[in-house]
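Breakdown of the fold
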Amino acid sequence: MSAHATDTPARRAFYERISTQNLAPLWTSMANLITPEPKSPCVPASWRFDAIRAAMIEAGGLITAKEAERRVLVLENPGLRGQSKITTDLYAGVQMVLPGEVAPAHRHTQTALRFVLEGEGAHTVVNGERTQMRPGDFIITPPMAWHDHGNESADAIYWLDGLDIPVVQFLDASFAEHMGEDAQPITRKPDDSAARFGANLLPVDHKRRGTFSPIFNYPYARTREALETMKRQGEWDPCHGLKMRYANPETGGHATATMGTFMQLLPAGFRTVAYRSTDATVMVPIEGRGRTHIGEDFTVHWGPKDVFVVPSWHRVRHEADEEAVLFSFSDRPIQEALGLFREDRGNG
Ligand SMILES: [Fe+2]
């Protein structure tokens, strides 16, 4: 793009005059609008789970899940404070449900994903079907699906919520409703969708009902077992180790239309080669310890349940001290649909 146009008294006077008619010159702002490379206020950031949990326990003493509707602490990107964003177009928060609590039934056009961090015995209900939530499980709530959460166990449960709130906000397409009940009626047997769609089978006359996966819980036990089997092959991608993408069994596409979700395994001692891509990514190790170098000067030392962000077009390198398993999500499906996704392997 051309260099900034110089300012002159005559030009300035003109800009001020036309401003009253809601007009503005493009030539003073074009270089900031159409940049040669991604330029984002989103910055590398990380959160320790221990610190999040301590704050959540404090929040638990201040407000119930029911009164809060959702008792969540939002992970705000330091470059985007006050906007409820972890990246420019995605939201993330950590939710806690204490024993005996409910998060009442509601629905909205925003797509949600849950990644369970700690605790067992709590459940979520999506569109009349109930599923247990266990650490490492990846659960989706499609647009306008009724959902409520409950915890009958003796322990608090914590999970990471990822939503496309900023995308829906940008598009001015937010709709939400309350059911007026704590729990929605159960109309399907537990885990029916996993059996029906998650066993390499599809109902013979099945027609696609939406842009999202018909499976709503991808249990960690199955994902982990798959990674364990694949790792025996010893085939490692230099940039990713062993990285898999959660798929919609109807299409092979992403599990949701707006958020791509991934699980990757890095063997102990593995160091990845630099990689960058245009999809700013939220990463959550669920097993293992290591370090990740992001961009020129940011290093996060991570362990299980910590959360960190790799902004768009920042080079990332992972170093695993122990065998590690990392969940991640990004806006990759949107970028792919629009032909915007770009990646760069290595330092070239
Ligand atoms: Fe919700």
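These remarks concern the structure in this document. (Residues numbered from 1 in each chain as written. Predicted model: local features only at pLDDT ≥ 70, side-chain atom pairs only at ≥ 80, totals over all residues. Heavy atoms only, no water.)

Next up on the list: the packing of aromatic side chains. For the coordinates displayed, the defined rule picks out 11 aromatic pairs. Judged by centre distance (5.6 Å) and plane angle (90 degrees), the rings of Phe-49 and Tyr-158 are edge-to-face. A residue pair is termed long-range when its members are at least 10 positions apart, and Phe-49 in helix α3 (residues 49–62) and Tyr-158 in strand β10 (residues 157–163) qualify at 109 residues. Following the ring pairs from residue to residue traces out a cluster consisting of Phe-115, Phe-138, Tyr-218, Tyr-246, Phe-327 and Phe-329. Stacked on the ring of Phe-262, the Lys or Arg Lys-243 has its end atom at 4.8 Å from the ring centre. (Phe/Tyr/Trp six-rings, centres within 6.5 Å; stacked < 30°, edge-to-face > 60°. Helix = DSSP H or I, 4+ residues; strand = E, 2+ residues; numbered from the N terminus. Lys NZ or Arg CZ within 6 Å of the ring centre and 35° of its normal.)

As a further point, take the coordination of the iron ion. The iron ion binds to the protein through His-106 (NE2), His-108 (NE2) and His-147 (NE2); the donor distances cover 2.1 to 2.2 Å. Here the donor residues of the iron ion are spaced in sequence according to H-x1-H-x38-H. In this pair, the class of His-106 matches that of His-108, namely buried. (Donors = N, O, S within 2.8 Å, 3.2 Å for Na, K, Ca; no water. Buried < 20%, exposed > 50% of the residue type's maximum accessible area, 1.4 Å probe, protein only.)

Core analysis: the biggest nonpolar cluster contains 50 residues, and Ile-86, Leu-160, Phe-327 and Phe-329 have the highest contact counts within it. Grouped together as the second largest cluster of nonpolar side chains are 14 residues, Leu-266, Ile-294, Trp-302 and Val-310 included. (Core = buried A, V, L, I, M, F, W, Y, C linked by side-chain atoms within 4.5 Å.)

Looking now at the pairing of strand β21 (residues 324–330). Buried residues dominate β21, accounting for 7 of its 7 residues. Side-chain alternation along β21 places Ala-324, Leu-326, Ser-328 and Ser-330 on one buried face and Val-325, Phe-327 and Phe-329 on a second face that is also buried. In this structure, strand β14 (residues 260–266) lies alongside β21, joined through 7 bridges in antiparallel fashion. Counterpart to Leu-265 in the pairing with β21 is Val-325. (Pairing = 2+ DSSP bridges.)

Moving on, we come to the side chain of Gln-184. Summarising the element assignment, Gln-184 is placed in the loop between β11 (176–178) and α6 (192–197). For Gln-184, a relative accessible area of 6% puts it in the buried group. A polar atom in the side chain of Gln-184 sits 3.0 Å from the backbone oxygen of Val-125. From its side chain, Gln-184 meets the backbone oxygen of Trp-146 in a polar contact 3.2 Å long. (Polar contact = N/O pair within 3.5 Å; in protein donor to acceptor, adjacent residues only side chain to side chain.)

With that settled, consider the side chain of Gln-264. Relative to the helices and strands, Gln-264 is located in strand β14. In contact with Gln-264, not counting residues within four places along its chain, are His-240, Leu-242, Lys-243, Met-283, His-318, Ala-324, Val-325 and Leu-326. (Contact = heavy atoms within 4.5 Å.)

Let us now look at the sheet that holds strand β16 (residues 281–287). With antiparallel pairing, 6 strands are arranged side by side in an open sheet as β1-β19-β16-β21-β14-β13. This sheet does not close on itself; its edge strands, each paired only once, are β1 (45–47) and β13 (242–245). Pairs of neighbouring strands in the sheet enclose a mean axial angle of 20 degrees, with direction left out of account. Pairing of β16 with β21, which is carried by 6 bridges, proceeds in the antiparallel orientation. Following the sheet pairing, Val-282 is matched in β21 by Phe-329. Taken strand by strand, helix α7 (residues 220–231) contacts β13, β14, β16 and β21, and its axis lies near 45 degrees from that of β14. (Axes fitted to C-alpha atoms, helices over the stretch in contact; angles between N-to-C directions.)

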